[in-house]
Amino acid sequence: MYISSLSLANFRNYTSEKIEFSPYTNVIYGDNAQGKTNILEAVYIFSQGRSHRAKSDKELIKFGEDFSRLSLDFHDSERDYTAAMQLMKNGRKNIKINHVQITKLSKLMNYLNVVMFSPEDLELVKGSPSARRKFIDSSVSQLYPRYLTSLIDYHKALGQKNSLLKVLRAKGAKSDMMLSVWNEQLAAEGEKIIKYRTDFVKLINDFSAAIQNEISGEKLQISYMPGMRASGDDKDSIYEYLEKNQRREIDLASAQVGVQRDDLHITINGSEAKIYGSQGQQRTSALSMKIAQADYIHHIKSEYPILLLDDIMSELDINRRMYLSQKIRDKQVLITSTDTDLIESTDNTKLFKIKNGSVVREEN
Ligand SMILES: Nc1ncnc2c1ncn2[C@@H]1O[C@H](COP(=O)(O)OP(=O)(O)O)[C@@H](O)[C@H]1O
Ligand SMILES: [Mg+2]
């Protein structure tokens, strides 16, 4: 799939701008703090319904304005789409696809698929489990809205359970009927979540191992590390395990086991990447995982996602840069950079120079 044009009104430091993209490589360059990442952010929002970096939509509205308007034209092998979004200062958000209002955010992800690469991807290997869960969740929910629904329902029930655990500890209770009701819901949603995650990790392991091997000849392995030791993946086994932990969870006044504790175990040539990997190996692994995420979307949907590369070229050594360049040659990619030296340019490459919230130069 590819995007053909993006219009921004009162978005971040843009007052009014329309950008027409090449279906291949687009290089967005300029000094720091001019508005390069803001463009990628705008595209990303149409895929995920929210920014990859803002805490609230309000941050996205241009200082001093009451609302922001964005629109995006994109195309897959089946049809053309126009998406429009309005962000209001009071927090309301209005999204339309082909002039029809979208009521559920999980619907939005079905249309446009993007994968964002940024220097923070290193967190996938070095960071906390939550970075890895976010990677799983954003990959799977882009393709399966039902996964996102399960995830939302699971976290609602988990929030209720945690509130109850606090009350129970204060009362000095040892067990509670209502706790079992929440555990039943958590087990039912947990079973579905584990299924999706297991399937995803298998594919991402295969894809990223092949990529890592091509870049560096190293053996990358990614496996699923469940956040509980239930006797099986079915809801009855999960329920039984959650119930067994009632006493301990009341004592600690918070849920200790469940898919909210899931993680990925990442090894390079057999040793744990987080602990033993060099900075270079960790970077390569993170890059392999992100390219694998794009391959996964392509595998499931038969559409290659749009790649957003935010300031990553200068972080990569020549090997990794060359691998990435050949991998993206026939795909649509938006690359931001302070200079254009490190980016391979072809006849299909379009360059945009950004200054202070405007495109000041555009060339093929
Ligand atoms: N809501 C906003 N209104 C106006 N300007 C904003 C807003 N949010 C961010 N900016 C400005 O956008 C610029 C940063 O844009 P960004 O795309 O992150 O820069 P870069 O070109 O370095 O990627 C800064 O100058 C910042 O002040
Ligand atoms: Mg930036």
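Reference entry: report on the structure contained in this document. (Residues numbered from 1 in each chain as written. Chains lettered and ligands numbered in written order. Predicted model: local features only at pLDDT ≥ 70, side-chain atom pairs only at ≥ 80, totals over all residues. Heavy atoms only, no water.)

## Overview of the pattern of salt bridges
To keep it simple, the criterion reads: By convention in these notes, a salt bridge is any Lys or Arg side-chain nitrogen within 4 Å of a carboxyl oxygen on Asp or Glu. Helix and strand labels come from DSSP, where a helix needs a run of H or I of at least four residues and a strand needs a run of E of at least two; each type is numbered from the N terminus. Only protein chains enter the calculation, and the probe is 1.4 Å; a residue is then buried if its accessible area is under 20% of its type maximum, exposed if over 50%, and partly exposed in between.
For the structure on display, the rule yields 17 salt bridges. Notably, a salt bridge pairs Arg53 with Glu41, separated by 3.4 Å at the nearest N-O pair. With Arg53 in the loop between helix 1 (36–48) and strand 4 (67–75) and Glu41 in helix 1, this pair connects stretches of sequence that are twelve residues apart. With relative accessibility at 41%, the residue Arg53 sits in the partly exposed group. For Arg329, the salt bridge is made with Glu344, and the minimal N-O distance between the two is 2.9 Å. Taken together, the residues span a long stretch of sequence, with Arg329 in the loop between helix 11 (318–328) and strand 13 (333–337) and Glu344 in the loop between strand 13 and strand 14 (350–355) at a distance of 15 residues. Each member of the salt-bridge network shares a partner with another, and the members are Arg12, Glu41 and Arg53.

## Details of helix 10 (residues 279–301)
For clarity, the cut-off: In this analysis, the expected span of each helix is defined as 1.5 Å times one less than the number of residues it contains.
A rise of 1.5 Å per residue sets the reference length of helix 10, with its 23 residues, at 33 Å; its end C-alpha atoms lie 33 Å apart and thus fit the reference within 8%. Immediately downstream of helix 10, the backbone of Ser302 shows phi near 60°, a positive value.

## A word on the environment of Leu324
The criterion, for reference: Contacts: residue pairs with any heavy atoms within 4.5 Å of one another.
Within the secondary structure, Leu324 is located in helix 11. What makes Leu324 buried here is its relative accessible area of 1%. Through-space distance from the C-alpha of Leu324 to that of Ile215 is 9.1 Å; in sequence the pair is 109 residues apart. Those residues in contact with Leu324, other than ones at most four positions away along the chain, are Leu287, Ile291, Leu309, Ile312, Met313 and Leu316.

## Some remarks on helix 7 (residues 235–244)
Convention followed: Arc definition: directions from the helix axis to the C-beta atoms.
Ser237, Ile238, Tyr241 and Leu242 are the residues of helix 7 that are buried. Taken down its axis, helix 7 places every buried residue within 135° of arc, on the same side. Along helix 7, the residues that are exposed and aim more than 90 degrees away from the buried face are Asp236 and Lys244. In the core, the buried residues of helix 7 are packed alongside helix 5 (145–171), helix 6 (177–216) and helix 8 (246–252).

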